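This is what each chain is made of:
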Amino acid sequence: MGLAYNTYLNSSRIYGCKACKSHLANHEDIISRNFRGQHGKAYLFNNVVNVEAGEPMERNMTTGRHVVRDITCRVCNEVVGWKYDKAYESTEKYKEGKFILEAELLCTVS
């Protein structure tokens, strides 16, 4: 299969996995801070790194029905959020292909 190399981000503020400090996202890639997850406050990101996506599943959320995948840290396998694959409501289509990271599961690396 080959080795999986971690991506290291270069930014003034980097969010990492709270469990292992692996880099996950740049602060500049936040699209919105107006989200809630299972653990409270969550952020919508355009791009994240060092994660693995699980199997797609339909979930009913406060904004409607979506097809999402849980995302886990590639290093320690802790769930850190989810990825939106599909939104059924036309007003929610902007979320497709974007990522949610839950604030409670993150730390600031730099």
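These figures come from a predicted structure and were not determined experimentally.

### Focus: the pattern of salt bridges
Right, so step 1: In the structure shown here, the tally under the stated rule is seven salt bridges.
Right, so step 2: Lys95 is the partner of Glu92 in a salt bridge, and the nearest nitrogen-oxygen pair spans 2.5 Å. Each of the two residues, Glu92 as well as Lys95, counts as buried.

### A look at the nonpolar core
Soluble globular proteins tend to pack their nonpolar side chains together in the buried interior.
Right, so step 1: Grouped together as the largest cluster of nonpolar side chains are 15 residues, with contacts concentrated most on Leu24, Phe45, Val48, Ile71, Val80 and Leu101.
Right, so step 2: Of all the secondary structure elements, the ones that give two or more residues to this core are strand 1 (14-17), strand 2 (23-26), strand 4 (40-45), strand 7 (64-73) and strand 9 (99-102).
Right, so step 3: The residues touching Leu24, leaving out its near neighbours within four places in the chain, are Leu9, Tyr15, Gly16, Cys17, Val48, Val49, Asn50, Val51, Val80, Leu101 and Leu106.
Right, so step 4: Counting seven residues, the second-largest nonpolar core is a separate cluster that includes Ala42, Val68, Tyr84 and Ile100.

### Regarding the packing of aromatic side chains
Right, so step 1: Going through the model one piece at a time under the given rule, you end up with four aromatic pairs.
Right, so step 2: Their ring planes at 40° and their centres at 5.9 Å tell us that Tyr15 and Tyr43 sit as a pair that is tilted. Placement of the pair is Tyr15 in strand 1 and Tyr43 in strand 4, with a sequence separation of 28 residues.
Right, so step 3: Judged by relative accessible area, Tyr15 falls into the buried class, the value being 6%.
Right, so step 4: Relative to Phe45, the ring of Tyr43 has its centre 6.4 Å away and its plane inclined at 80°; by these criteria the two rings are edge-to-face. The exposure classification of Tyr43 matches that of Phe45, with both residues buried.

### With respect to the pairing of strand 1
Right, so step 1: As judged from the three bridges shared by strand 1 and strand 2, these two strands associate in the antiparallel manner. Across the sheet, the residue bridging to Gly16 is His23, located in strand 2.
Right, so step 2: Linking two consecutive strands that pair antiparallel, namely strand 1 and strand 2, is a turn of five residues; a positive phi of about 70° is found at Lys21 within it.
Right, so step 3: Sheet topology note: the strand 1/strand 10 (residues 106-108) ladder contains three bridges and is antiparallel. Bridged to Tyr15 within strand 10 is Thr108.

Thresholds applied
- Residues numbered from 1 in each chain as written.
- Predicted model: local features only at pLDDT ≥ 70, side-chain atom pairs only at ≥ 80, totals over all residues.
- Heavy atoms only, no water.
- Salt bridge = Lys/Arg side-chain N within 4 Å of Asp/Glu carboxyl O.
- Buried < 20%, exposed > 50% of the residue type's maximum accessible area, 1.4 Å probe, protein only.
- Core = buried A, V, L, I, M, F, W, Y, C linked by side-chain atoms within 4.5 Å.
- Helix = DSSP H or I, 4+ residues; strand = E, 2+ residues; numbered from the N terminus.
- Contact = heavy atoms within 4.5 Å.
- Phe/Tyr/Trp six-rings, centres within 6.5 Å; stacked < 30°, edge-to-face > 60°.
- Pairing = 2+ DSSP bridges.

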